[in-house]
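Spelled out, the chains give:
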Amino acid sequence: QKEVEQDPGPLSVPEGAIVSLNCTYSNSAFQYFMWYRQYSRKGPELLMYTYSSGNKEDGRFTAQVDKSSKYISLFIRDSQPSDSATYLCAMSSWDSSYKLIFGSGTRLLVRP
Amino acid sequence: DAGVTQSPTHLIKTRGQQVTLRCSPKSGHDTVSWYQQALGQGPQFIFQYYEEEERQRGNFPDRFSGHQFPNYSSELNVNALLLGDSALYLCASSLGADQSTDTQYFGPGTRLTVL
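Described below are features of the structure shown in this document. (Residues numbered from 1 in each chain as written. Chains lettered and ligands numbered in written order. Predicted model: local features only at pLDDT ≥ 70, side-chain atom pairs only at ≥ 80, totals over all residues. Heavy atoms only, no water.)

### Notes on the interface of chain A and chain B
Interface size, as often reported, equals the accessible area lost upon joining of the parts.
For step 1, the next point in the chain: With 21 residues of chain A in contact, the opposing surface of chain B contributes 24 residues.
For step 2, the next point in the chain: At the boundary of chain A with chain B, total buried surface from both sides reaches about 1900 Å², with 51% on carbon and sulfur atoms.
For step 3, the next point in the chain: The interface formed by chain A and chain B holds 0 salt bridges in total.
For step 4, the next point in the chain: Seen at the junction of chain A and chain B, the total is 3 residue pairs in polar contact (both at pLDDT 80 or more).
For step 5, the next point in the chain: Of all the secondary structure elements, the ones that give two or more residues to the side of chain A that touches chain B are β4 (30–38), β5 (45–51) and β10 (96–102) of chain A.
For step 6, the next point in the chain: Looking at the side of chain A that touches chain B element by element, the count peaks at 6 residues for β10(A). (Contact = heavy atoms within 4.5 Å. Buried area = accessible area lost by both parts, 1.4 Å probe. Salt bridge = Lys/Arg side-chain N within 4 Å of Asp/Glu carboxyl O. Polar contact = N/O pair within 3.5 Å; in protein donor to acceptor, adjacent residues only side chain to side chain. Helix = DSSP H or I, 4+ residues; strand = E, 2+ residues; numbered from the N terminus.)

Here it is, written out as structure tokens:
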């Protein structure tokens, strides 16, 4: 079993829809949680960074962390075709924060 | 403000050869991490360099080695290339002194093809 599980998709939604992306994990030591966006043949771009549990909002993006369920989510409001990309969740533990553990990514397609 | 840069963009090698990939961190960053991303997979941590020393290593064989220079730039070397080493190699930089703020920013990657 992988430490971080992520549905590969693809997830196809119409423009303007609310998108929900999720990851589950098995290591209870994870404290730092990130979401990256990766366009085809490009490097990952950091979208959201969250420490421990709770919510964080930045523009159209909201990140949620539920440590009791070992479950994290990224919500995208008013999705745009330019949001079409692969979304990677990543996490690390307090004693090994340098080493990011990634999910395999979810492909998102926003249809005009 | 320049972000993380990597060179070369693409590289084609044959099995058994050796390769060197290069990375310059984002301005103000002193820590470089290397990741391998196979097609359709998330990046996998290879190792991290801080103060010119390897600080942590992932589950990769000794064929993978690295170096960090005084100007914080870094090289990744892979010896005795295997077909399975074909991947996108990503460099990420961060400010490594404080673990709680060790947010990593990625470069565009080097796509290595081993034939």
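### So, the nonpolar core
Among soluble globular proteins, nonpolar side chains are generally buried collectively.
For step 1, the next point in the chain: In terms of nonpolar packing, the biggest core is built from 25 residues, with V4(A), W35(A), I72(A), L74(A), I76(A), Y87(A) and M91(A) touching the most fellow members.
For step 2, the next point in the chain: Ignoring sequence-local partners within four residues, the contact set of L74(A) consists of V19(A), S20(A), L21(A), W35(A), L47(A), M48(A), F61(A), T62(A), A63(A) and Y87(A).
For step 3, the next point in the chain: Judged by nonpolar contacts, the second largest core, of 20 residues, contains V19(B), V32(B), I46(B) and L76(B). (Core = buried A, V, L, I, M, F, W, Y, C linked by side-chain atoms within 4.5 Å. Buried < 20%, exposed > 50% of the residue type's maximum accessible area, 1.4 Å probe, protein only.)

### Quick notes on the pattern of salt bridges
Residues and elements named next belong to chain A.
For step 1, the next point in the chain: Counting across every chain of the model gives 7 salt bridges over all chains.
For step 2, the next point in the chain: Note that R60 is salt-bridged to D83, the shortest N-O span being 2.9 Å. Of this pair, R60 sits in the loop between β6 (54–58) and β7 (61–66) while D83 sits in the loop between β8 (71–76) and β9 (85–93), placing them 23 residues apart in sequence.
For step 3, the next point in the chain: Among the charged side chains, a network of salt bridges with common partners joins R37, E45, R60 and D83.

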